[in-house]
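The chain contents come next:
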Amino acid sequence: MYRFILFISVSLLTLPARAQGAAEPPAPLTLAAAVRLAEAGNPTLSAARHELAAQGGALQQAQALPNPELQTVVEDTRRATRSTTVQLNQLIELGGKRGARAAVALRGQDLAQAALALQAADTRAAVTTAFVDVLAAQEGLRLADSAQALAARASEITARRVAAGKASPVEATRAKVLDASVRLEGNLARSNLTQARQRLAALWGADAPRFTHADGRLDMLPPLPSPAELATRLEAAPSVRQARSHLAQRQAMLDVEQRRATPDVTVSIGMKRSEELGRNQAIIGLALPLPLFDRNAGNKLDALRRSDKAGDELAAAQVQLQAALAQARERLATARLDVESLQNEIVPGAQSAWDAASKGFEFGKFAFLDVLDAQRTLLQAKNQTLRALTEAHHAAAELERLLGAPVTP
C-alpha cells in the first residue's frame, strides 16, 4: 500500500507542465515571455501539433502495400476422395493508386501544417491582445489613483475655503461626493485588472496568474504598414495557405478516384493435394474485376465537385483576408491619429485648464463647479488616450494574426 501511494505521489509531481499550467515566473512578465508560455501550454495549439503528428501516421499507412491472403479449401469429407487446396493471393494495385494515396496523405500533412500555423498566429494575437489589456488595466488603475489624488486635493482646498468662510458648505458636500465617486471608479479599475490578468494566464493553461506586473510600453504606437506591403504578404497569410493546402488535397483526392478506373489484379499461387489421385497439383490464378456495373463515376463526380468547392473557398479566403486587412489597417490608422491628437493637443490643454481652475478656486477666482468640469475633462481626455492606445495595439495584433507575422512600416 505504501508503494502504491508513493507511486501516485511521484506521478502527480512529474505530470507534464501543460497539464498543470506552464511554468510561469512570479516576476514582471514581458510580452515575449507570455508568448513563450502560450506556445508551450496553450491546449488548442497543442491539439494542432497532435493533428500534424497524426498525419505522419496517415502517410505511413498510405504507403503500405496490401497484405497477402492465405486461403485453404477442403473438398469432400471422405479421406479417400478428399482434396485440399492451399493458396496465397496477392492483390497488385495498378494505375499508381498507392502513389496517389500517398500524395493525398502528403497534402494532408501540408494542410495540418497550415492549420498549425494559423492556430499559432491566433494564439500569438490572443496573447498580445490580452497582454495589451493588462497594460491598459494597469494604466487605468494608475489613472484612477491619480483621479483620487486630484479629488483629495480638491476636497482639501474646499475644506479650507469653507473653514475660512469663503465657500459654501454645499461645495464641501460636492467635494465629498466627487471623492466617493472616484473611489468607486478605482474599485472598478482594480476589478478590470484582476480579470485581465486572469484572461492572459488562461491562454497558457494556468488556473490563476502568478505574475505580479506586466512589463511593456503601451504609449509606443505600433507601425502602420502600407497597402502595398499588405498586398505582397497576402498569399503567405495562414488562412490563404490553409485554403490552398485544402485545394491541393482535394485535387489529390480527385486523382485517386480517377486512378481507380484502372482495375487491380489478384495473383494466386498454391498447391492442391488430391488423395484420390495421390499427387499434388500446382495452382496459378489471376483475378481481374470487370467494371460492368460500378465504374466509380459517383466518387469521381463527388471528388471533382469538392475540388471545385475548395477552389471557390480559396478565392473567398483571399477576398475575406483583403477586406479584413483593410479594416484592421484603417482601425490602426484612425487610432494613431486619435492618439497623436490627444497627446499633442487635448491632454495638454485639459491639464492646463485643470491647473488654472484648481489654483483659481484656491484663490477664490473660480467656483467649485469649474474645478469639477476641468477635472472631468482632464480625466476624460486621459481615458480617451488610453482607449485609443489600446485600440491601436489591438488593431496591430489583428494585422499580425491575419498576416501570421509582425507588421512593419
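Look a little higher up for the structure.
Below you will find a few notes about this structure. (Residues numbered from 1 in each chain as written. Predicted model: local features only at pLDDT ≥ 70, side-chain atom pairs only at ≥ 80, totals over all residues. Heavy atoms only, no water.)

**Brief notes about a nonpolar patch on the surface**
Together, L70, V86, L88, I269 and I284 line one region of the surface with nonpolar side chains, adding up to about 520 Å² of accessible area. Among the structural elements, I269 can be located in strand β3 (residues 265-274). (Patch = residues over 30% accessible without salt bridge, like charges linked within 9 Å, V, L, I, M, F, W, Y side chains within 5 Å. Areas by Shrake-Rupley, 256 points an atom, 1.4 Å probe, with all protein chains shown as cover. Salt bridge = Lys/Arg side-chain N within 4 Å of Asp/Glu carboxyl O. Helix = DSSP H or I, 4+ residues; strand = E, 2+ residues; numbered from the N terminus.)

**Description of the nonpolar core**
With 33 residues, the main nonpolar core has L29, V127, V134, L200, W204 and L218 as its most contacted residues. For this core, the secondary structure elements donating two or more residues are α3 (31-41), α5 (97-163), α6 (169-202), α9 (297-362) and α10 (368-403). Broken down by element, this core gets its largest block of residues, eleven residues, from α5. Listed in part, the 20 residues of the second largest apolar core include A243, A317, L321 and V407. (Core = buried A, V, L, I, M, F, W, Y, C linked by side-chain atoms within 4.5 Å. Buried < 20%, exposed > 50% of the residue type's maximum accessible area, 1.4 Å probe, protein only.)

**So, the sheet that holds β3**
Read from one edge of the open sheet, four strands run β1-β2-β3-β4, paired in antiparallel fashion. Edge positions in the sheet fall to β1 (69-75) and β4 (279-287), since each has one partner strand and no second. Mean inter-strand twist for the sheet, computed between neighbouring axes without regard to direction, equals 20°. Sheet topology places β3 next to β4; nine bridges connect them, and they run antiparallel. Residue K272 lies in a different strand from β4, and its bridge partner there is Q281. (Pairing = 2+ DSSP bridges. Axes fitted to C-alpha atoms, helices over the stretch in contact; angles between N-to-C directions.)

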